[in-house]
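# Survey of secondary and tertiary structure
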Amino acid sequence: MDFVAVLAIEFLGSIAILVLISIGLAVVFGMMKVINMAHGEFLMLGGYVAIYGTNWAGLNFWVSSLVVAPLVVGAVGMGLEWLVVRHLYGRMIDTMLATWGISLALVGAMTMLVGNTTQGLSTPLPSLQIGAYSASGYVLYLIVLAGLVVALLYALFKRTTFGLLARATTQNADMVAALGGNPRRIYASTFGLGAALAGLGGAALAPITGVIPTIGASYIAKAFITVISGGGAVIAGNLSASVLYGVVSQVFTYLYTPVIGQVALLVAAMVLIRFLPKGITGRFFKRSI
């Protein structure tokens, strides 16, 4: 039983990491149909804010990762939306190219500011002893954090006026404007929310991955695979794809090696997209958020 408990933590941890990596992109793509190629760099910025907030500003890690990183990266995201993205709505290719340019600019700027070496944080939680086995206490924290993010996001979109307006704007922005809403403000807030979630994810993962200006490239592929495979529903799609790929990756990692686990994830993604081109929620959970 002890071994089963540790194995369950590892599986849930793999799922939680995918959720934290991709949920911000799911919000932007699912609600706005914007392909944000700078999502990986928003994750990278969140990691750096947590590192410098903790190591240089003297903030508590939990404050810098749970509060400061989302606020800073969300503000950066809203600024970039106002300067660039808002002028390109409805032009998917142009938006993709513009955000790709933003990603390159952010990588270059951070390389000049902090250098091209990996920086990190010590893991703030000790390991847990479960019988003869040990499990990472920080991975347990990531599992809880991912669950809270999903639950709070569901409550935001389902139970608040902003969530209602955001979902309505996704379906018919002209009607929202005719009824007195402000689609531009809603789009800006939604993009900022997606950036803030990316900052939260990057900050949360910093102690276990380290941070380097180019780390966004390792995040973005998994994030896009998860979001595209999930389909149009932001929460149900992200959660279902994260569970599927997290389990596949962890099974093959456990049986073989982490490299084989990543290959298995990519193969699973190709098979799923081949048979479910509209994603999991394009075929199932069609009425989910």
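The notes below deal with the structure included here. (Residues numbered from 1 in each chain as written. Predicted model: local features only at pLDDT ≥ 70, side-chain atom pairs only at ≥ 80, totals over all residues. Heavy atoms only, no water.)

## Overview of the side chain of Thr95
Selection rule: Put simply, DSSP H or I for four residues or longer makes a helix, DSSP E for two residues or longer makes a strand, and each gets a number counted from the N terminus. Every residue pair with non-hydrogen atoms within 4.5 Å of one another is taken to be in contact.
Relative to the assigned elements, Thr95 resides in helix α4 (residues 92-114). Discounting residues that sit within four places of it in the chain, Thr95 has contacts with Val34, Ile35, Val85 and Leu88.

## As for unusual backbone geometry
Rule in force here: We call a residue buried when its accessible area falls under 20% of the maximum for its residue type, exposed when it is over 50%, and partly exposed in between, using a 1.4 Å probe and counting protein chains only.
Positive phi, normally seen in glycine, also occurs at Lys33, with a value near 55 degrees. Locating Lys33 in the fold gives a position in the loop between α1 (2-32) and α2 (39-55). Exposure remark for Lys33: the relative accessible area of 40% places this residue in the partly exposed category.

## Structural notes on the environment of Ser65
Applied cut-off: Polar contacts here mean pairs of N or O atoms no more than 3.5 Å apart (in protein, one a potential hydrogen donor and the other a potential acceptor; neighbouring residues in sequence count only if both atoms are side-chain atoms).
With respect to the secondary-structure elements, Ser65 resides in helix α3 (residues 61-83). With 29 residues separating them in the primary sequence, Ser65 and Asp94 have C-alpha atoms 32 Å apart. Sequence-distant contacts of Ser65, defined by excluding residues within four places in its chain, comprise Ala50, Pro70, Tyr141, Leu200 and Ala203. A polar contact of 2.9 Å, which involves the side chain of Ser65, links it to the backbone oxygen of Phe61.

## A few points about the nonpolar core
Rules: Residues grouped as a nonpolar core are buried Ala, Val, Leu, Ile, Met, Phe, Trp, Tyr and Cys residues, joined through side-chain atoms within 4.5 Å.
Counting residues in hydrophobic clusters, the biggest one holds 68 residues, and the most contacted among them are Val27, Phe42, Leu153 and Phe157. Broken down by element, the residue count for this core peaks at 13 residues, all from α1. Setting aside its immediate chain neighbours within four residues, Leu153 contacts Ile23, Val27, Leu193, Leu197 and Ile235. By size, the runner-up hydrophobic cluster in this structure holds 11 residues, among which are Val248, Ala264, Ala269 and Ile280.

Distances and angles like these do not, on their own, reveal function.
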